[in-house]
Amino acid sequence: MIILAQMANGLAIMLTFVAIIVTIGLGVLFFFLIKRNIRIIKEENDVIVESAITKKQMEDSIKSYIKKVDRFGALTLLYIDVDGFSDLNDVFGVEACDQILKEMATRILRSLPYKATFCKYNTDEFLVFIKDEDNKARIEKLTCQINEIINLPYQVMVGETIKITASIGYVTYPIAGTSFEELYANLQLTTYVSKRDGGNRTTAFYATIKEEETGNMLYYQEIKRAIVNKEFVLYYQPIVNLANSAMEGAEALMRWNHPTKGVQAPSTFLKILEQSGDIRWVGEWGLETMVRLQQQFAEKFPLVPMRFSLNLSTKQLLDSTLSNRLIEIMNKNNAKPEKFMLEISDFMMMERIAMIKTNIFKLRDFGFKIAVDGFELDGQSIQSIQRSPIDVIKLGRSFLKDIDNNFMKERLLQILIKFANDNNKIIISEGVETSNVAKYVKDQGVNIVQGYLFAKPMSQEAFGEYLESNQCQRICDEVNELIDSEALLDGDLASEEKPIENTNKTSAKAE
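Residues numbered from 1 in each chain as written. Predicted model: local features only at pLDDT ≥ 70, side-chain atom pairs only at ≥ 80, totals over all residues. Heavy atoms only, no water.

K.L.:
What exactly am I supposed to notice about the packing of aromatic side chains here?
P.N.:
In this description, a pair of aromatic rings is defined by centroid distance and the angle of the planes. Taken as a whole and judged by the stated rule, the model has 20 aromatic pairs. For the ring pair Phe463 and Tyr466, a centre distance of 6.5 Å and an interplane angle of 25° mean the geometry is stacked. Here the residue Phe463 and the residue Tyr466 both occupy positions in helix H17 (residues 460–468), the gap between them amounting to three residues, near one helical turn. On the basis of relative accessible area, Phe463 is assigned to the buried category, the value being 0%. Tyr466 sits in the buried class, given a relative accessible area of 1%. By the ring-pair criterion, three or more aromatic residues cluster together here, those being Tyr219, Phe232, Trp256, Phe269, Trp281 and Trp285. Sitting above the plane of the Tyr121 ring, Lys55 keeps its charged end 4.6 Å from the centroid. When the ring centre of Tyr154 is taken as reference, the NZ or CZ atom of Arg107 above it lies at 3.8 Å. (Phe/Tyr/Trp six-rings, centres within 6.5 Å; stacked < 30°, edge-to-face > 60°. Helix = DSSP H or I, 4+ residues; strand = E, 2+ residues; numbered from the N terminus. Buried < 20%, exposed > 50% of the residue type's maximum accessible area, 1.4 Å probe, protein only. Lys NZ or Arg CZ within 6 Å of the ring centre and 35° of its normal.)

K.L.:
Is there a simple way to think about the environment of Lys418 in this case?
P.N.:
Mapping Lys418 onto the fold places it in helix H15 (residues 407–422). Residues Lys418 and Gly445 lie 27 residues apart in sequence; the distance between their C-alpha atoms is 9.9 Å.

K.L.:
It is not clear to me how the sheet that holds strand S7 (residues 201–204) should be interpreted in this structure. Could you clarify?
P.N.:
Backbone hydrogen bonds are what pair the strands of a sheet, in a parallel or an antiparallel way. Pairing is mixed in the open sheet, where five strands are placed in the order S2-S3-S1-S6-S7. The strands lining the two open edges of the sheet, one partner per strand, are strand S2 (116–122) and S7. Between one strand and the next, the sheet's axes are offset by a mean angle of 20°, whatever the strand orientation. Note that strand S1 (residues 75–82) and strand S6 (residues 166–173) share eight bridges and pair antiparallel. From the neighbouring strand, Val82 faces S6, where its bridge partner is Ala166. Across the sheet, helix H2 (residues 55–69) lies against S1, S2, strand S3 (125–131) and S6, angled at about 135° from S2, the strand it touches most. Along the sheet face, helix H6 (residues 180–196) touches S1, S2, S3, S6 and S7 and points at about 145° away from the line of S6. (Pairing = 2+ DSSP bridges. Axes fitted to C-alpha atoms, helices over the stretch in contact; angles between N-to-C directions. Contact = heavy atoms within 4.5 Å.)

K.L.:
It is not clear to me how unusual backbone geometry should be interpreted in this structure. Could you clarify?
P.N.:
Trans peptide bonds make up the majority, and among non-glycine residues the majority have a negative phi. In this structure, the amide linkage connecting Tyr173 to the following residue, Pro174, adopts the cis form with an omega of 5°. For Pro174, the position within the fold is in the loop between S6 and H6. For Asn200, which is not a glycine, the phi torsion comes out positive at approximately 55°. Position of Asn200 relative to the elements: it lies in the loop between H6 and S7. The class of Asn200 is partly exposed, set by a relative accessible area of 33%.

K.L.:
Just to check I follow, could you spell out the state of the cysteines for this structure?
P.N.:
As used here, a disulfide is simply a covalent bond connecting the sulfur atoms of two cysteines. Tallying each qualifying case throughout the model produces zero disulfides. Not engaged in a disulfide, the cysteine Cys476 finds its nearest cysteine sulfur in Cys472; these two sulfurs lie 4.2 Å apart. (Disulfide = S-S within 2.5 Å.)

K.L.:
Teacher, can you tell me more about the nonpolar core here?
P.N.:
Generally speaking, nonpolar side chains in soluble globular proteins are found buried as a group. Grouped together as the largest cluster of nonpolar side chains are 112 residues, with contacts concentrated most on Phe375, Leu416, Phe454, Phe463 and Tyr466. A per-element tally of this core places helix H9 (residues 279–300) first, with eight residues. Grouped together as the second largest cluster of nonpolar side chains are 29 residues, Phe85, Leu88, Ile150 and Ala166 included. (Core = buried A, V, L, I, M, F, W, Y, C linked by side-chain atoms within 4.5 Å.)

K.L.:
Help me understand the environment of Ser245 in this model?
P.N.:
If you trace the backbone, Ser245 turns up in the loop between strand S8 (232–241) and strand S9 (246–258). Measuring from C-alpha to C-alpha, the distance between Ser245 and Asn480 comes to 8.4 Å, with 235 residues separating the pair along the chain. Looking at Ser245, its side chain comes within polar contact range of the side chain of Asn480, at 3.4 Å. (Polar contact = N/O pair within 3.5 Å; in protein donor to acceptor, adjacent residues only side chain to side chain.)

K.L.:
What is the right way to read the environment of Lys332 from this model?
P.N.:
Tracing the backbone through its elements, the reader meets Lys332 in helix H11 (residues 322–332). Along the primary structure Lys332 and Glu288 are separated by 44 residues, whereas in three dimensions their C-alpha atoms are 9.6 Å apart. Side chain to side chain, Lys332 and Glu288 meet in a polar contact 3.0 Å long.

K.L.:
Honestly, the side chain of Asn241 in this entry has me stumped. Any pointers?
P.N.:
Positionally, Asn241 belongs in strand S8. Asn241 gets classed as buried once you look at its relative accessible area, which sits at 11%. In contact with Asn241, not counting residues within four places along its chain, are Ala246, Glu248, Asn447, Ile448 and Cys476.

K.L.:
Can you help me understand the pattern of salt bridges in this one?
P.N.:
Side-chain pairs of opposite charge can arise where the charged atoms are in close proximity. Scanning the entire structure with this criterion turns up 22 salt bridges. Between Lys195 and Asp83 there is a salt bridge; the shortest N-O distance is 3.0 Å. In this pair, Lys195 sits in helix H6 while Asp83 sits in the loop between S1 and helix H3 (85–92), placing the two residues 112 residues apart along the sequence. Neither residue differs from the other here; Lys195 and Asp83 are each classed as buried. Note that Asp319 and Arg325 form a salt bridge whose closest N and O atoms lie 2.9 Å from each other. Looking at Arg325, the relative accessible area reads 11%, which means it is buried. Bridged by salt links that share partners, the residues Glu251, Glu343, Lys394 and Glu430 form one connected network. (Salt bridge = Lys/Arg side-chain N within 4 Å of Asp/Glu carboxyl O.)

Structure, rendered in structure tokens:
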């Protein structure tokens, strides 16, 4: 009986062990089946419309074809990257944009030759594979057709349509590479060049593109990641009034807080942002960021004037949607437009380009103050400024160069000051870095100034400390004492002079 009991217990243990093994095995099998089904579903979702294939099928097809024809065949790959698609997602939502992509894919498929294969390769990017094709004239004609049909309007809601553009790049085998990986790398370069040059165009592979553009593309991609990672910040430089030693406001200046290189000035990235179209994002992000800080600081420092200014480039002003988007941001944040100033660098373009004029007038009518940045002191500019909707004139640094004993410039300045006083305009002198320069502009009747003498551009935190410690009044008082002293009476404007020390150590990092 004891033996039978022991055998029964052993059998029970064995059956339990077998059950555990079977359960684990079924679990593993179930896991792989689920994983396989998820992969299949994902691949099916990659097929954006009928007659298209999945990304994996496309890659396998290209690799198989290259292996089959070796170096004796030909093929062409087209890459189509929709311009500004993330903006469309933000405005119209994911569902509407998915329908736009499906409509676009259908249009592209209709224009392709019978031997072409098509797939959605990434979220807003398409790949076209054309067997036995390397004729440049035919490819160029095809890309023109694709651009034309992409540019046709899309309906996003009842009664409302939008126009979309795309950047296209293409490569041919074996000239651009002898493997799919090499072809794809060069395809990315050609598409980048189209995107960088403003989009809505096609770029073909050429022999020196890798040497000329690889570094640029990597930098472009780095900037794209910086936007996603929120590495761009605004720095602020105070604008002060020497007459009453008080702050008038501050100019917001864009900086890239690079993770390894530190704070980067706009000269290192602004051109690429303009070429890629991301300058549109800059305008909206910059205004919204500035609005929120202005409201925060206006509450914290109620006695300090909080008029902030932001630069708009000519490229931004050429965008027909600019004024509506900026006004929408102001309304969304319940912001007062009279507390904000928009600076333009080439106000004379307004007379020549209707779109720039329309945007400026619409923004001014809404309540924004409009300033001209870097104003050149010459007869033509003074005549033009009298016909323009400018509220603030910011004299550029060139105004202070070779000003000693320059009777003509001083006479032009007096004409400008009289015009400003008679028409309720404000004049600001930029680039004031020494007390001698501060004395000169004050003697000419320009009391509102901006420059390193009073503060370097500083981070949001440093700017808060600057206001908290009332440094503006202290520095202005010291400058005015120097201006009134005999030591500056015979001072040379061109002489080097150590600016007033800014006790805000954090701001020194802004340079």
